[in-house]
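Close look at the chain arrangement
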Amino acid sequence: MRLILLGPPGAGKGTQAKILVEDYGIPQLSTGDILRAAIAAQTPLGLEAKAIVDRGDLVSDTIVNGIVSERLDAEDCKPGFILDGFPRTIAQANALDQMLAQKGMKLDAVVELKADADELVRRVIQRAKDSGGARADDNEEVLRKRLGVYAEQTAPLVNYYSQKGLLKTVDGMAPVDQVTSAIKTAIES
Ligand code: AMP
C-alpha cells in the first residue's frame, strides 16, 4: 500500500499514520519528523532548516525531495509506505511522480483529511500544551502562518490528485477511530 495523507496542520495526519503503520505493517514517512530530528541533532540539514521550520515556512523543495527519495530506497519501504506531510507543493508532487516512476513504484491512493480552520487552531494549541511546548512551531501565530501556507501552496494538490483519480476525501474532524475506519474503507474500496 503506497499512500499519501494530505491535510492542513493539526488535521490528524500523524495520528492516523501511526495507526495505519501498525495495521498495514508499512512505515510512516514524515518529512516534518525527519526535519525535527535533524534540527535536534544539529546536523547540517537541521541547522539549515531550523529557522524556516520555526517560523512556519516551507523548507526548499530540493531539500525535502532529496530526503524522500533517499528514504524511499530503504528496505522497509519495499512493501509500501505512508507519506505524511509530503508532497506539500505542486513541484514536490511532480518530483514525487518522477522518483516513483524511476523506482518502478505507483501510488495507490491520496487521502485528504478535511478539517475546519477554527478547530485546527484549538487542536494545535492543545497539542502544544500536552507536549509541554516541545514544538517551536506549535503556537497560534505560527499555526496561522502554516494554515496560510497550506491554503496557498498545498491545497492545490487536492485538485492535482483528483485529476489523477487518486483522491479520497475523509472528514478529519470525526473521532480518531472513525477517521481510521473511513480511511480504510476509502483505500480498500
Ligand atoms: P509537519 O510536521 O508536517 O507539520 O511539518 C513541520 C514543518 O516542517 C513544516 O511547517 C515545514 O517547515 C517543514 N516541512 C515538513 N514537510 C515539508 C515539506 N514537504 N516541504 C517543505 N517543508 C516541510
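See the structure above.
Residues numbered from 1 in each chain as written. Predicted model: local features only at pLDDT ≥ 70, side-chain atom pairs only at ≥ 80, totals over all residues. Heavy atoms only, no water.

Summing up its helical and strand segments, the chain has nine helices and five strands in all. Shown N-terminal to C-terminal, the secondary structure of the chain runs as helices and strands in the order β-α-β-α-α-α-β-α-β-α-α-α-β-α. Against the compact-globule benchmark of 16 Å for 189 residues, the chain has a radius of gyration of 16 Å, which places it among compact chains. In terms of its C-alpha atoms, the chain occupies a principal-axis envelope of roughly 40 × 40 × 30 Å. Burial status across the chain gives 45% buried among its 189 residues. (Helix = DSSP H or I, 4+ residues; strand = E, 2+ residues; numbered from the N terminus. Rg over C-alpha atoms; globule rule 2.2 N^0.38 Å. Buried < 20%, exposed > 50% of the residue type's maximum accessible area, 1.4 Å probe, protein only.)

As a further point, take helix α9 (residues 176–188). Here α9 is 13 residues long and its end C-alpha atoms lie 18 Å apart, about the 18 Å a rise of 1.5 Å per residue gives. In this structure, the buried side of α9 is in contact with β1 (2–6), α1 (13–24), β4 (109–114) and β5 (167–171). (Expected span 1.5 Å × (residues − 1). Contact = heavy atoms within 4.5 Å.)

Here we come to the pattern of salt bridges. This model, assessed by the stated rule, comprises 12 salt bridges. Members of the salt-bridge network, linked through shared partners, are Arg55, Asp57 and Lys145. (Salt bridge = Lys/Arg side-chain N within 4 Å of Asp/Glu carboxyl O.)

As enumerated under the stated definition, the model contains one aromatic pair in all. Considering the side-chain rings of Tyr160 and Tyr161, the 4.9 Å spacing of their centres and the 85° angle between planes classify their relative orientation as edge-to-face. Each member of the pair, Tyr160 as well as Tyr161, carries the same accessibility label: buried. (Phe/Tyr/Trp six-rings, centres within 6.5 Å; stacked < 30°, edge-to-face > 60°.)

Here we take up the packing of helix α2 (residues 31–40) against helix α4 (residues 61–72). For the pair α2 and α4, interaxial distance at closest approach is 11 Å and the crossing angle is 105°. Compared by their axis directions, α2 and α4 come out roughly perpendicular. From α2, Thr31, Ile34 and Leu35 reach across to α4, where they touch Val64, Ile67 and Val68. Per-class residue counts for the contact of α2 with α4 are five nonpolar, one polar and no charged. (Axes fitted to C-alpha atoms, helices over the stretch in contact; angles between N-to-C directions. Parallel < 35°, antiparallel > 145°, perpendicular 65-115°, else oblique. Nonpolar A, V, L, I, M, F, W, Y, C, P; charged D, E, K, R; others polar.)

Taken together, 16 residues are adjacent to the ligand, and Thr31, Arg36, Asp57, Gly85 and Gln92 come closest. Contacts to the ligand include Arg36, whose side-chain N or O atom sits 2.9 Å from an oxygen atom. In this structure, Gln92 approaches the ligand through a side-chain N or O atom, which is 2.9 Å from a nitrogen atom. Alone, the ligand offers 480 Å² of accessible surface; in the complex the protein occludes 96% of this. Per-element tally for the shell around the ligand: the top contributor is α2, with four residues. The residue makeup of the shell around the ligand, split by class, is six nonpolar, four polar and six charged. (Near = heavy atom within 4 Å. Polar contact = N/O pair within 3.5 Å; in protein donor to acceptor, adjacent residues only side chain to side chain. Areas by Shrake-Rupley, 256 points an atom, 1.4 Å probe, with all protein chains shown as cover.)

Another point: the environment of Tyr150. Turning to its location among the elements, Tyr150 is positioned in helix α7 (residues 140–154). On the basis of relative accessible area, Tyr150 is assigned to the buried category, the value being 13%. For the pair Tyr150 and Pro9, spaced 141 residues apart in sequence, the C-alpha separation works out to 8.0 Å. Excluding its chain neighbours within four sequence positions, the residues that come into contact with Tyr150 are Leu6, Gly7, Pro8, Pro9 and Ala155.

Any functional reading would require information beyond the geometric quantities listed.
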